[in-house]
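# Observations on chain architecture
Spelled out, the chains give:
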Amino acid sequence: MIHVEHLHKSFGSVHAVDDVSFEVSRGEVVGLLGPNGAGKTTTMRVITGYLSANEGLVSVDGVPVSEDGMETRQKIGYLPENSPLYLDMEVYEFLSYIARLRNVSAKKINRRIIEMIEICGLKSVIGRQAGKLSKGYRQRVGLAAAMIHKPPILILDEPTSGLDPNQIYEIRELIKNIGQERTVILSTHIMQEVEATCSRALIINSGKLVAHGTIDELLNRSGAHINYTVSIKATRRQIEERVTLLNNVNFGEWLTDELSEHQRLTLRCSDRTNHSEEIFNWAVKNAFILTELTHETTSLESVFRELTQN
Amino acid sequence: MKNNIFIIAKKEYKAYFLSPIAYVYLITFLVIVNWLFFRSFFLVGQADMRQFFGMMPWIFLFFVPAVAMSKWSEERKLGTLELLFTLPIRDIDIIIAKFLAGVGLIATALILTFPIAITVALVGNPDWGPIIGGYLGLLLLGGAYLSIGLMISSLTENQIIAFILGVFLCFIILIIGTPMVIGGTSNFITNILQYAGFTPHFDSISRGVVDSSDIVYYFSVMGLFLYINERILKGIARR
Ligand SMILES: Nc1ncnc2c1ncn2[C@@H]1O[C@H](COP(=O)(O)OP(=O)(O)OP(=O)(O)O)[C@@H](O)[C@H]1O
Ligand SMILES: [Mg+2]
């Protein structure tokens, strides 16, 4: 549905996007991840036709995107970064303006606005001036404007920035729902967002695509592992003798004093399945009294850090 | 397509009145115009509008760039330019729509000066040719100023800079064709300057002589600056 091939865009001597290629098919929710200045916004601006590429090809449904590409523009709903709005317009007026310019037929405009009020939770602000809204509500109005014409493709630049946790949850649910039948590309710095909403992630750094794949693929390729922290009422020697009996789980490091009768240590395993039960059974079998068992997954966050730290 | 121009032009025209700005402009404009006009009207006691049409290019020199200054600079500052230029509308339609909205406000201002014409008609027996010609000339001159102001406005995010540069550029084009600048001589260069400047064209229309070449001139100026405006908005304004 969206096809990006060897995209290159520079501003003077800054290579904002440097030879990026990817493909997004219908019904996918793809996360565009990257640190500040990575080139996420620039990539989106090229896809929406706001900026033209220096080199490379971008097409939507087989139609190349160009500055005058009305056809591709009509298919895309776009939420620009920071959700710019006409500040002196009322929310209702603004949505109806965008709807008309998006070729929503006059008969349907009201119905679409009512749907958007429902979906984006705009009931309390619909008659207010956009300039007087809080950041979160501006974001929601921008999202409503992006979706007002039911576009098959949604491009959302940091859709949850500035929202409170409840709103973030709602918007993510919304994106997941939309993503079932439509194509969504969203950018974010928040890893949980990608885990929560996206089927696939593209990680870009300094304009280059450094990794892409499903969440699991990304986690596996970086040699991710799980760390367990365990406290056992036993001496080091006793634990050392038995720890090798664990399958797939290896000793990590001691966290307490050598002579303590109550040892705290870490165990690590290299696959991504949960071994807590196995560790518990092992402790029971060896008559260890377990006072703590927690685990910590290498998150997408550390994958992100690994890939984007220069 | 036509429809889009209409929708945007209407929104842009209404936008003037959403903030107090339009009222401030219009009231200031009318107070100054009426004061300047009636001051000399009662002094000279002549029942025509020559005086009025003589000073209007100078008043428009400040009024019109003020009408234009925020039109693109605000869009750039707020980031709504990105919203606007990713809608399925041709860039040139958006530009024409903004231009028409500005022309609408200028026309509104001119209509609000009709009481002056009516007063003149009540007091004396004026020749209507120059009055109708004068208003037509002012609308064309206002449109030309506006196209310059809009073009300048797309170059910056700062309205004040847009205003000052707009006034300056309009001023240059207003004076280049006048005898003050070209002197009494007539050669190739002065002929070009005379043709390029606003004043000679405005003067002939406001004498009541509506020559098609003057009209072509004004439309060419508007077309040229709106075209430059489009190039700027496609290029550097988005960077
Ligand atoms: N209009 C512009 N003029 C000059 N340089 C620009 C412009 N827009 C972006 N850049 C540069 O291009 C690079 C990529 O910017 P971009 O906005 O795409 O990053 P981003 O990934 O969206 O960052 P963020 O997470 O901060 O939003 C940066 O180095 C930025 O400085
Ligand atoms: Mg960005």
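Residues numbered from 1 in each chain as written. Chains lettered and ligands numbered in written order. Predicted model: local features only at pLDDT ≥ 70, side-chain atom pairs only at ≥ 80, totals over all residues. Heavy atoms only, no water.

## Let's talk about the sheet that holds strand 4 (residues 55-60) of chain A
Residues and elements named next belong to chain A. Judged by pairing direction, the sheet is antiparallel, and its four strands sit side by side in the order 2-1-4-5 without closing on themselves. Each having just a single partner strand, strand 2 (14-24) and strand 5 (63-64) make up the two edges of the open sheet. Pairing of strand 4 with strand 5 involves two bridges; the strand directions are antiparallel. Considered in strand 5, the bridge of valine 60 is made with valine 63. Along the sheet, helix 1 (residues 40-47) contacts strand 1 (2-11), strand 2 and strand 4; its crossing angle with strand 1, the most-contacted strand, is approximately 120 degrees. (Pairing = 2+ DSSP bridges. Helix = DSSP H or I, 4+ residues; strand = E, 2+ residues; numbered from the N terminus. Contact = heavy atoms within 4.5 Å. Axes fitted to C-alpha atoms, helices over the stretch in contact; angles between N-to-C directions.)

## Brief notes about the interface of chain B and chain A
On the side of chain A, 28 residues touch chain B, which itself brings 25 residues to the contact. Taken over both partners, the interface formed by chain B and chain A buries close to 2,700 Å², and the fraction arising from carbon and sulfur atoms is 60%. Inspection of the chain B/chain A interface yields two salt bridges. Between arginine 73 of chain A and aspartate 91 of chain B there is a salt bridge whose closest N-O contact spans 3.9 Å. At the boundary of chain B and chain A, one finds seven residue pairs in polar contact (both at pLDDT 80 or more). When residues of the side of chain B that touches chain A are traced back to their parent elements, those giving at least two are helix 1 (2-18), helix 3 (50-78) and helix 4 (80-84) of chain B. Sort the elements by how many residues they give to the side of chain B that touches chain A and helix 1 of chain B lands first, with six residues. A breakdown of the residues in the side of chain B that touches chain A according to their chemical character gives 12 nonpolar, four polar and nine charged. (Buried area = accessible area lost by both parts, 1.4 Å probe. Salt bridge = Lys/Arg side-chain N within 4 Å of Asp/Glu carboxyl O. Polar contact = N/O pair within 3.5 Å; in protein donor to acceptor, adjacent residues only side chain to side chain. Nonpolar A, V, L, I, M, F, W, Y, C, P; charged D, E, K, R; others polar.)

## Regarding the nonpolar core
With 150 residues, the main nonpolar core has Phe94 and Leu95 of chain A together with Phe52, Phe60, Phe63, Phe198 and Tyr218 of chain B as its most contacted residues. With 14 residues, the single largest contributor to this core is helix 3 of chain B. In this view, phenylalanine 63 of chain B contacts Tyr25, Leu26, Phe29, Ile106 and Ala109 of chain B; residues no more than four positions away in its chain are not counted. Counting residues in each nonpolar core, the second largest holds 17 residues, with Ile226, Ile239, Val249 and Ile279 of chain A among its members. (Core = buried A, V, L, I, M, F, W, Y, C linked by side-chain atoms within 4.5 Å. Buried < 20%, exposed > 50% of the residue type's maximum accessible area, 1.4 Å probe, protein only.)

## Overview of the coordination of the magnesium ion (ligand 2)
All names here are of chain A. Protein-derived coordination of the magnesium ion (ligand 2) comes from Thr41 (OG1) and Glu81 (OE), at a distance range of 1.9 to 2.5 Å. You can see threonine 41 sitting in helix 1 and its partner glutamate 81 sitting in the loop between strand 6 (76-79) and helix 3 (91-101), a full 40 residues away along the chain. Overall, the relative accessible area of 28% leaves glutamate 81 in the partly exposed class. (Donors = N, O, S within 2.8 Å, 3.2 Å for Na, K, Ca; no water.)

## Considerations on the domain arrangement of chain A
All names here are of chain A. Along its sequence, chain A is carved into domain 1 (2-221) and domain 2 (226-303). Here the C-alpha centroids of domain 1 and domain 2 sit 44 Å apart. Taken together, the contacts link nine residues of domain 1 with six residues of domain 2. Counting the surface lost from both domain 1 and domain 2, the interface buries some 650 Å², and carbon and sulfur atoms represent 72% of this. (Domains from an automatic or database assignment.)

## What to know about a nonpolar patch on the surface
Residues and elements named next belong to chain B. A cluster of nonpolar residues, Ile111, Phe114, Ile118, Leu122 and Val123, forms a patch on the protein surface that exposes about 520 Å² of accessible area. By secondary structure assignment, the location of isoleucine 111 is in helix 5 (residues 91-111). Residue classification places isoleucine 111 among the partly exposed residues on the basis of a relative accessible area of 49%. (Patch = residues over 30% accessible without salt bridge, like charges linked within 9 Å, V, L, I, M, F, W, Y side chains within 5 Å. Areas by Shrake-Rupley, 256 points an atom, 1.4 Å probe, with all protein chains shown as cover.)

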